[in-house]
Amino acid sequence: MRPTQAIISLNALGHNLSMIRQMAPKSKIMAVVKADGYGHGIVKVAKQLTEADSFAVACLEEAIQLREGEITQPIVLLEGIFEASELELVERYNLEMVIHSQRQLVWLEDSASQYAHSVWLKLDSDMNRLGFTPEEYSAAYKHLSDMKNVANIRLMTHFACADDVTSDKTNDQLKLFHQLNKGIKGERTAANSAGVLAWPESHFDWVRPGIMLYGCSPLSGQAGAHHQLIPAMNLESQLIATKKIEKGHTAGYGAQWTADEDTMLGIVAIGYGDGYPRHAENGTPVWINGRIVPLAGRVSMDMIAVDLGADATEKPGERVVLWGKELPVEIVARHSDTIPYTLLCGVTSRAKFRWSDES
Ligand SMILES: *Cc1c(COP(=O)(O)O)cnc(C)c1O
């Protein structure tokens, strides 16, 4: 069998949640498990996070997966509903909606159902993605509070630059959120993972960590270990061939790597067809046998080559870690012109997923 696998440590997920608890002790935790639990398996992740106060997903389809997986905690739809007909399912599956737009207000108002909705009113505090503008916000709140089928209104915004601790933007956004909520009752939430880590004044009643749960740092230049987080995913494979290559010869498609000296190449069974980033540059670190070796040449669909060095002793069958506990995915992302989020979400189903209880 092809040895390419993503091993998910359930214990690491539990540990990371408990670290978040310590960092935001006064807040409830809305664990963000959208995009299949950032590629870790949405139901498996949620089942492990029994201590989470609620779960957040991007859409109804993801919420239904959780309910069908027997997850009973509250579930928040971060983008609310996409069409009026979804309201019935929101009620059937007992979900909480974010309300970010006028048309969602109208859909809710036009509903004939008696269901008592819990909603999260979203302020766009100048990220300029979803939410009511500061000019519209108070009217939207009033509109919701006049609806008979709305039992609970909570207040929400989202940061644009919380991962940059030197940016003024987060303070400006917080100020606006405070200003517009003055005199309004309702629980508040603003902090994503970067907010949890770097902006304690943003913790409010609920924090909404995603990437931290999976053991990664959203802060530039850092890795999860800086915050005592443990990577939940180990992406692993094996060496399937080794070959001597003489100085001046090249490796892979496009001959994008040239041997500076005589060396040994190792071929590893992983490629962009498994979600290893095709943009990984020459020199991207790969872990093998307790050491780090550099990627050599372009990533293929099914394989990569690494430069094992002239004195290499590794043989085919040797375990290789592409990212995980031995090698932070943040570092691989930096070498691939991307962020850890895309790498974790992007592991394809060709890799065999296993969920382990060992940390
Ligand atoms: C995805 C998302 C989060 C979680 O972000 P992380 O950076 O992964 O912690 C929080 N809030 C909203 C609205 C999101 O869309």
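Residues numbered from 1 in each chain as written. Predicted model: local features only at pLDDT ≥ 70, side-chain atom pairs only at ≥ 80, totals over all residues. Heavy atoms only, no water.

Colleague: How should I be thinking about the layout of surface pockets in this particular structure?
Modeller: Using a probe with the size of a water molecule, rolled over the atoms, empty space left in the structure can be pinpointed. If you add up the space inside the largest pocket, you get close to 810 Å³. As for the largest pocket, its lining consists of 36 residues, of which Lys34, Tyr38, His158, Asn192 and Tyr341 are closest to the centre. Residue assignment for the lining of the largest pocket shows that the elements contributing at least two residues are helix H2 (34–39), helix H9 (193–198), helix H10 (329–334) and helix H11 (340–345). Its residues placed into classes, the lining of the largest pocket shows 19 nonpolar, nine polar and eight charged. (1 Å grid on protein atoms, 1.4 Å probe; cavity = no way out; pocket = protein on both sides within 12 Å on 5 of 7 lines; lining within 4 Å. Points joined across faces, edges and corners; volume = space filled by probe spheres on them. Helix = DSSP H or I, 4+ residues; strand = E, 2+ residues; numbered from the N terminus. Nonpolar A, V, L, I, M, F, W, Y, C, P; charged D, E, K, R; others polar.)

Colleague: Quick question: what am I supposed to make of the site of the ligand here?
Modeller: The ligand sits among 14 residues. The nearest are Lys34, Tyr38, Ser193, Ile211 and Tyr341. At a separation of 2.5 Å, an oxygen atom of the ligand approaches a polar side-chain atom of Tyr38. Side-chain polar atom of Tyr341 to an oxygen atom of the ligand: 2.7 Å apart, as the coordinates give it. For the ligand, whose accessible area on its own is 390 Å², the fraction buried by protein is 91%. Taking a 2 Å distance to the grid points as the criterion, the majority of the atoms of the ligand fall inside the largest pocket. Here the shell around the ligand is composed, by residue class, of seven nonpolar, four polar and three charged. (Near = heavy atom within 4 Å. Polar contact = N/O pair within 3.5 Å; in protein donor to acceptor, adjacent residues only side chain to side chain. Areas by Shrake-Rupley, 256 points an atom, 1.4 Å probe, with all protein chains shown as cover. Sits in = over half its atoms within 2 Å of the grid points.)

Colleague: Would you mind showing me how to read helix H1 (residues 10–23) here?
Modeller: Structurally, the α-helix is built with 3.6 residues per turn, so residues lying three or four positions apart point the same way. With 14 residues, H1 should cover 20 Å at 1.5 Å per step; its first-to-last C-alpha distance of 20 Å lies within 8% of that length. Of the residues making up H1, those classed as buried are Leu10, Ala12, Leu13, Asn16, Leu17, Met19 and Ile20. Buried residues along H1 sit against strand E1 (5–9), strand E2 (28–32), helix H3 (42–48), H9, strand E9 (206–207) and strand E18 (352–356). (Expected span 1.5 Å × (residues − 1). Buried < 20%, exposed > 50% of the residue type's maximum accessible area, 1.4 Å probe, protein only. Contact = heavy atoms within 4.5 Å.)

Colleague: What is the right way to look at empty space enclosed by the protein in this model?
Modeller: Within this structure, the stated rule accounts for two cavities of 30 Å³ or more. Lining the largest cavity are 13 residues, with Tyr214, Cys216, Pro231, Met233 and Val329 positioned closest to its centre. Looking at the second largest cavity, its volume works out to about 40 Å³. Lining of the second largest cavity is provided by Lys122, Leu123, Asp124, Met127, Arg129, Leu130, Thr157 and His158. Broken down by class, the residue content of the lining of the second largest cavity amounts to three nonpolar, two polar and three charged.

Colleague: Honestly, the packing of aromatic side chains in this entry has me stumped. Any pointers?
Modeller: The geometry of two aromatic rings is summed up by the distance between their centres and the angle between their planes. Inspection of the entire model under this criterion finds six aromatic pairs. The interplanar angle of 70 degrees and the centroid separation of 5.6 Å between the aromatic rings of Phe177 and Phe204 together place this pair among those described as edge-to-face. On the criterion of sequence distance, the pair formed by Phe177 in helix H8 (residues 169–181) and Phe204 in the loop between H9 and E9 is long-range, its members being 27 residues apart. Three or more aromatic residues joined by ring pairs make a cluster, and in this case those are Tyr38, Tyr214 and Tyr341. (Phe/Tyr/Trp six-rings, centres within 6.5 Å; stacked < 30°, edge-to-face > 60°.)

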